[in-house]
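# Coordinate inspection notes
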Amino acid sequence: EDQVTQSPEALRLQEGESSSLNCSYTVSGLRGLFWYRQDPGKGPEFLFTLYSAGEEKEKERLKATLTKKESFLHITAPKPEDSATYLCAVSLGGSQGNLIFGKGTKLSVKP
Amino acid sequence: DAGITQSPRYKITETGRQVTLMCHQTWSHSYMFWYRQDLGHGLRLIYYSAAADITDKGEVPDGYVVSRSKTENFPLTLESATRSQTSVYFCASTALTSADTQYFGPGTRLTVL
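Let me sum up the structure you'll find in this document. (Residues numbered from 1 in each chain as written. Chains lettered and ligands numbered in written order. Predicted model: local features only at pLDDT ≥ 70, side-chain atom pairs only at ≥ 80, totals over all residues. Heavy atoms only, no water.)

Before going further, it helps to examine the state of the cysteines. Residue and element names in this part refer to chain A. Overall, the coordinates contain two disulfides over all chains when judged by the stated rule. Through a disulfide, C23 is tied to C88; the S-S separation comes to 1.9 Å. Residues C23 and C88 are joined through a disulfide that is left-handed, its torsion about the S-S bond being -60°. Here C88 lies in strand β9 (residues 84-92) and C23 lies in strand β3 (residues 19-26), a separation of 65 residues in the sequence. (Disulfide = S-S within 2.5 Å. Helix = DSSP H or I, 4+ residues; strand = E, 2+ residues; numbered from the N terminus.)

Centre-to-centre distance and the angle between the planes together describe a pair of aromatic rings. All chains considered together, the criterion is met by twelve aromatic pairs over all chains. Aromatic side chains Y36 of chain A and F104 of chain B sit 5.4 Å apart centroid to centroid with 90° between the ring planes, which places their arrangement in the edge-to-face category. With Y36 of chain A in strand β4 (residues 30-38) and F104 of chain B in strand β10 (residues 103-104), the pair connects residues from two separate chains. With a relative accessible area of 0%, Y36 of chain A lands in the buried category. Overall, the relative accessible area of 10% leaves F104 of chain B in the buried class. (Phe/Tyr/Trp six-rings, centres within 6.5 Å; stacked < 30°, edge-to-face > 60°. Buried < 20%, exposed > 50% of the residue type's maximum accessible area, 1.4 Å probe, protein only.)

Counting through the fold element by element, E60 of chain A comes out in the loop between β6 (56-59) and β7 (62-66). Once the C-alpha coordinates of E60 of chain A and E9 of chain A are considered, the two residues, 51 residues apart in sequence, prove to be 23 Å apart.

So, about the pattern of salt bridges. Following the criterion strictly, the structure yields seven salt bridges over all chains and no others. Of the charged contacts in the structure, one is a salt bridge between R37 of chain A and D39 of chain A, with a shortest N-O distance of 3.0 Å. A relative accessible area of 15% means that R37 of chain A is categorised as buried. Residues joined by salt bridges that share partners form a network here, namely R36, D38 and R44 of chain B. (Salt bridge = Lys/Arg side-chain N within 4 Å of Asp/Glu carboxyl O.)

This paragraph deals with the interface of chain A and chain B. Residue-level contacts link 22 residues of chain A with 24 residues of chain B. Joining chain A to chain B, the criterion identifies zero salt bridges. The interface formed by chain A and chain B contains five residue pairs in polar contact (both at pLDDT 80 or more). Those elements giving two or more residues to the side of chain A that touches chain B turn out to be β4, β5 (45-50), β9 and β10 (99-101) of chain A. For the side of chain A that touches chain B, the element with the highest residue contribution is β4 of chain A, accounting for four residues. (Contact = heavy atoms within 4.5 Å. Polar contact = N/O pair within 3.5 Å; in protein donor to acceptor, adjacent residues only side chain to side chain.)

One recurring pattern in soluble globular proteins: nonpolar side chains tend to sit buried together. Within the largest apolar cluster, 23 residues are counted, with the highest numbers of intra-cluster contacts made by L33, W35, L73 and Y86 of chain A. The element best represented in this core is β9 of chain A, accounting for five residues. With sequence-adjacent residues up to four places away left out, L33 of chain A is seen in contact with C23, Y25, F48, T49, L50, L66, S71, C88, A89 and V90 of chain A. One finds Y47, L76, L110 and V112 of chain B within the second-largest nonpolar core, a separate group that totals 19 residues. (Core = buried A, V, L, I, M, F, W, Y, C linked by side-chain atoms within 4.5 Å.)

Another point: the sheet that holds strand β7 (residues 64-66) of chain B. Residues and elements named next belong to chain B. Read across the open sheet, the four strands follow the order β1-β3-β8-β7; overall the sheet is antiparallel. A strand with exactly one partner marks an edge of an open sheet, and here the two such strands are β1 (4-7) and β7. On average, each strand axis in the sheet is inclined to that of its neighbour by 20°, with strand direction left out of account. With three bridges connecting them, strand β3 (residues 19-25) and strand β8 (residues 76-78) associate as antiparallel partners. (Pairing = 2+ DSSP bridges. Axes fitted to C-alpha atoms, helices over the stretch in contact; angles between N-to-C directions.)

Quick look at the pairing of strand β11 (residues 108-112) of chain B now. All names here are of chain B. Across the two faces of β11 the burial differs, with T108, L110 and V112 buried and R109 and T111 not buried at all. Examined bridge by bridge, strand β2 (residues 10-13) and β11 share four bridges and lie parallel to one another. Its bridge partner being in β11, I12 is matched across the sheet by T111. Bridging between strand β9 (residues 87-94) and β11 involves three bridges; their strand directions are antiparallel.

Residues and elements named next belong to chain B. Of the two faces of β1, only one is covered, namely that formed by I4 and Q6; the face formed by T5 and S7 stays uncovered. Judged from the four bridges that link them, β1 and β3 form a sheet pairing that is antiparallel. The residue of β3 that forms the bridge with I4 is Q25.

Written out as structure tokens, the structure is:
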């Protein structure tokens, strides 16, 4: 069964304390892996797309990496405004275009 | 620069009533999706559409109906609402292929009493 698992469920950091969020997947025919940020009461906001193992993408304090079995979202020197739930999703091959989402990691950054 | 919008943003209804949630996108994206988000389940696909007049079921389609007569609109109807359909509903769209990045609307919080 295709599955996406994110860990930890929740993460509390002090401002400036770097860390990583994990997204592991067991799917057949990965087309792409997506990271989204979701603030309370809002829709998911797109961050990154990764298509192949070894690929890396960066945006401000965030860096996403991809291996054959998992993806990491590295947060360097986080700020309180980075507090949000981070969602990982995978897109499979075939005609059905839906994303399979993990349950998310809720990140809290304290000043 | 509206992008993708949903209406209403909040809705309270009673069991057995029909409810329609609206989704409108200004990008002329081919694919549109409806997801529901519940605690402990994450986002789950209800229905999707590859183009006008082409729709298909997702993971949790029971109790929902969709239509897509125009590319920009993708309404979701709950024909007879149940309490288990209390959730936050998100519409999304993507441009080129089904594997491309999906962009989400702001969501509709639906409560069924």
